[in-house]
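Tertiary structure, described
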Amino acid sequence: MSKTAETEGALETRGIEQVPDQERTARTRELFPTWVGANISVLLLTMGASLVVAYQLNFWQALVVAGAAPVVSYGLVGLIGIAGKRGGAPGMALSRAVFGQRGNLLPGSLIWVARWGWETINAVTGAYALLTVLDIVFGIRANSVLDMVTLLAFVVGTFVISGLGINAVQKCNKYAAYLFGVFSVLVLGYLVVDTDWSAVFDRSAGSVAAMITGVGLIAAGGVSWIPSAPDFTRYLPRTASSKGIVGVTIGGAGIVVLPMVLMGMVMAVSTPDLASAADPVSFLGEILPTWIAVPYLLIALIGMLLINSMSMYSAGFTAQTLGFKVPRHWAVSVNAVISLVFGGVLMLVATSFMGSFIAFLSLLAVAFSAWVGVFGADMLRRKEYDGEALADTGRTSAYWYRGGFSPAAVAAWAVGLAAGLMFTTSDWFTGPLAANNVIGEYGLGWVATVVISGLLYAVLPKPAVVVPAVSAERVEQPETATV
């Protein structure tokens, strides 16, 4: 990552303001470990197990699902990430140019709340990993007090990394990517020797509808990162390759998602309870031998810590765009406290961890997708972002529009969100159109949300695009494959 006056120290002090061109010296290839780290999650194993147990897919179908999901979701992450190198600011700050200074508070608030749930799930999974290691190595049994202590330790660790900023996040992800490689070799070697492969390959095929639904299940995690994509590309120069951003993003995610999902699928053939375990981390600690369970759980702990750090890092920017007048690292602390409280409730009260997780993913994908459709459609017409207008939240801002709102963006977002929920099914909510049609039955509510909000925004009358004054030299610079 760039060594600038703002980021060369231990603490990144830059917030949602636009990064000056002279400080944007990052390289596209640095995104690879970022998206590797964002996917080192034990929950991918449990979702892979669900493909066998809940969706009745065979190995080859699971392979297709595990390959397609990161291409779909992280392809969108990479595409939206292009806005970061264009505008040099976090995603929810750039969103002000689309929705208006006040209008941006609507999707911003919903995305911020959705982050609470994602960070809570990650914090609980990390705490479970730590509890299981303590049990296996030291024989310390979990109890309510220890649950809260491990959860607190995990949240504090998350806050430290995300509070320090982009350099800390990027460096930790780089080392985690190497550890994941070692871990993958260990687990794959164990599975090759221990698995009854005839049972794996002799399974009958499931339906095409189940495959499509499975892609949506796996892709939902990637969809949650889409609004955050510019947060990690804003230090890239304007000349960075757009194709490179998309390719590296898909590659970094895919190299983790594909093997993790397949490993979960293979494990579930002999231990189907993995798909519905109330505590998936300790369950895996029981079915794997100690010599591989301990390093695996430590990797899982590190992975969840980094995923949560990235999420809180972005949540700090979102909180600032909502009006929290505090430095970025203190804005991060707001989400840390929230995830601690909600995580405690989930660990002490929830009876089905996986059920809560899948229900949350179903609604989360729709919440994020409404913003994605509008913002993505706007990117087709907007190549530059006015840094001064983004920072000016008053009536003098070029992004004030009508009373602080862009009617086209807000209307398209609201209609897309409502339509997507109508097609969505989860344990917590079932829309009236969730059955008797392809979209609802195939779990494509989030796709419908993107399409509806994007198309509606494209056809509605919109304010003129503000093009900031730039030098002729910068305008004429072509994109280069800076990696």
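Here the structure is a predicted model, which means the values were calculated and not measured. (Residues numbered from 1 in each chain as written. Predicted model: local features only at pLDDT ≥ 70, side-chain atom pairs only at ≥ 80, totals over all residues. Heavy atoms only, no water.)

Before going further, it helps to examine the confidence of the model for the protein chain. Put simply, the protein chain has an average pLDDT of 84, and 89% of its residues get 70 or more. By mean pLDDT, the top-scoring element of the protein chain is helix α5 (residues 96-99) (96), and the lowest-scoring one is helix α20 (residues 472-476) (43). Here residues 471-482 is modelled with pLDDT under 50, and outside its nearest four sequence neighbours on either side it reaches 19 contacts, counting other chains as well. (pLDDT = per-residue confidence, 0-100. Helix = DSSP H or I, 4+ residues; strand = E, 2+ residues; numbered from the N terminus. Contact = heavy atoms within 4.5 Å.)

Below, the discussion takes up the nonpolar core. Core analysis: the largest hydrophobic core is formed by 137 residues, its most contacted members being Trp35, Trp225, Trp371, Phe375 and Tyr385. Those residues in contact with tryptophan 225, other than ones at most four positions away along the chain, are Trp35, Ala38, Tyr74, Val77, Arg115, Trp118, Ile307, Met310 and Ser311. Grouped together as the second largest cluster of nonpolar side chains are six residues, Trp116, Ala319, Ala331 and Ile338 included. (Core = buried A, V, L, I, M, F, W, Y, C linked by side-chain atoms within 4.5 Å. Buried < 20%, exposed > 50% of the residue type's maximum accessible area, 1.4 Å probe, protein only.)

Using the criterion set out here, one finds eleven aromatic pairs in the structure. On the numbers, 4.5 Å between centres and 15 degrees between planes, the contact of tryptophan 371 with phenylalanine 375 is stacked. In this pair, tryptophan 371 and phenylalanine 375 are both assigned in helix α15 (residues 353-379), four residues apart and thus about one turn of the helix distant. Side by side, tryptophan 371 and phenylalanine 375 carry an identical accessibility label, which is buried. Where tyrosine 399 meets tyrosine 401, the ring centres are 6.2 Å apart and the plane angle is 50 degrees; that geometry is what we call tilted. With a relative accessible area of 0%, tyrosine 399 lands in the buried category. Aromatic ring contacts, followed pair by pair, group Trp35, Tyr74, Trp225, Phe232, Tyr313 and Phe317 into a single cluster. (Phe/Tyr/Trp six-rings, centres within 6.5 Å; stacked < 30°, edge-to-face > 60°.)

A word on the pattern of salt bridges. On inspection of all chains with the given rule, the structure shows eight salt bridges. Here glutamate 17 and arginine 14 are joined by a salt bridge, their closest N and O atoms 3.3 Å apart. A salt bridge links arginine 14 to glutamate 23; the nearest nitrogen and oxygen atoms lie 2.9 Å apart. Glutamate 23 gets classed as buried once you look at its relative accessible area, which sits at 12%. One network of salt bridges, with partners in common, ties together Asp21, Arg24, Arg238 and Glu384. (Salt bridge = Lys/Arg side-chain N within 4 Å of Asp/Glu carboxyl O.)

Below, the discussion takes up the packing of helix α6 (residues 105-138) against helix α13 (residues 290-321). Running from amino to carboxyl end, α6 crosses α13 at an angle of 160 degrees, the nearest separation of the two axes being 8 Å. In terms of axis orientation, α6 runs roughly antiparallel to α13. Helix-helix and strand crossings are classified by hand; for α6 and α13 the assignment is left-handed. Across the contact of α6 with α13, the residue classes break down as 19 nonpolar, eleven polar and two charged. (Axes fitted to C-alpha atoms, helices over the stretch in contact; angles between N-to-C directions. Parallel < 35°, antiparallel > 145°, perpendicular 65-115°, else oblique. Left-handed = near helix turned anticlockwise from the far one by under 90°. Nonpolar A, V, L, I, M, F, W, Y, C, P; charged D, E, K, R; others polar.)

The topology assignment puts valine 149 in helix α7 (residues 144-164). Looking at valine 149, the relative accessible area reads 46%, which means it is partly exposed. On a C-alpha basis, the gap between valine 149 and leucine 131 in space is 9.8 Å, while along the polypeptide they are 18 residues apart.

This part takes up unusual backbone geometry. Phi at tyrosine 401 takes a positive value of approximately 55 degrees, unusual for a residue other than glycine. Turning to its location among the elements, tyrosine 401 is positioned in the loop between α16 (387-391) and α17 (407-422). In this structure, asparagine 436 is a non-glycine residue whose phi angle is positive, near 65 degrees. Locating asparagine 436 in the fold gives a position in the loop between α17 and α18 (438-441). Judged by its relative accessible area of 76%, asparagine 436 falls in the exposed class.

Right, let's talk about the packing of α6 against α17 for a bit. For the pair α6 and α17, interaxial distance at closest approach is 10 Å and the crossing angle is 40 degrees. It follows from the interaxial angle that α6 and α17 lie oblique. Within the contact between the two elements, α6 uses Leu106, Pro107 and Leu110 and α17 uses Val410, Trp413 and Leu417. Class assignment for the residues of the contact of α6 with α17 results in six nonpolar, no polar and no charged.

What follows is about α17. A rise of 1.5 Å per residue sets the reference length of α17, with its 16 residues, at 22 Å; its end C-alpha atoms lie 23 Å apart and thus fit the reference within 8%. Regarding α17, the residues found buried are Ala408, Ala409, Val410, Ala412, Trp413, Gly416, Leu417, Ala419 and Gly420. (Expected span 1.5 Å × (residues − 1).)

Moving on, we get to the side chain of asparagine 122. Note on placement: asparagine 122 falls in helix α6. A distance of 3.1 Å separates polar atoms of two side chains, one belonging to asparagine 122 and the other to asparagine 308. With residues near it in sequence (within four places) discarded, asparagine 122 still touches Phe154, Met304, Ile307 and Asn308. (Polar contact = N/O pair within 3.5 Å; in protein donor to acceptor, adjacent residues only side chain to side chain.)

In this structure, tryptophan 446 sits in helix α19 (residues 445-459). Classification of tryptophan 446 by relative accessible area gives buried; the value is 7%. Tryptophan 446 sits 76 residues away from alanine 370 along the chain, and the two C-alpha atoms are 8.1 Å apart. Setting aside anything within four residues of it in sequence, one finds tryptophan 446 in contact with Val72, Leu76, Gly216, Ala219, Val223, Ala365, Val366 and Ser369.

With respect to the helices and strands, alanine 435 occurs in the loop between α17 and α18. The spatial distance from the C-alpha of alanine 435 to the C-alpha of methionine 422 is 9.9 Å, given a sequence separation of 13 residues.

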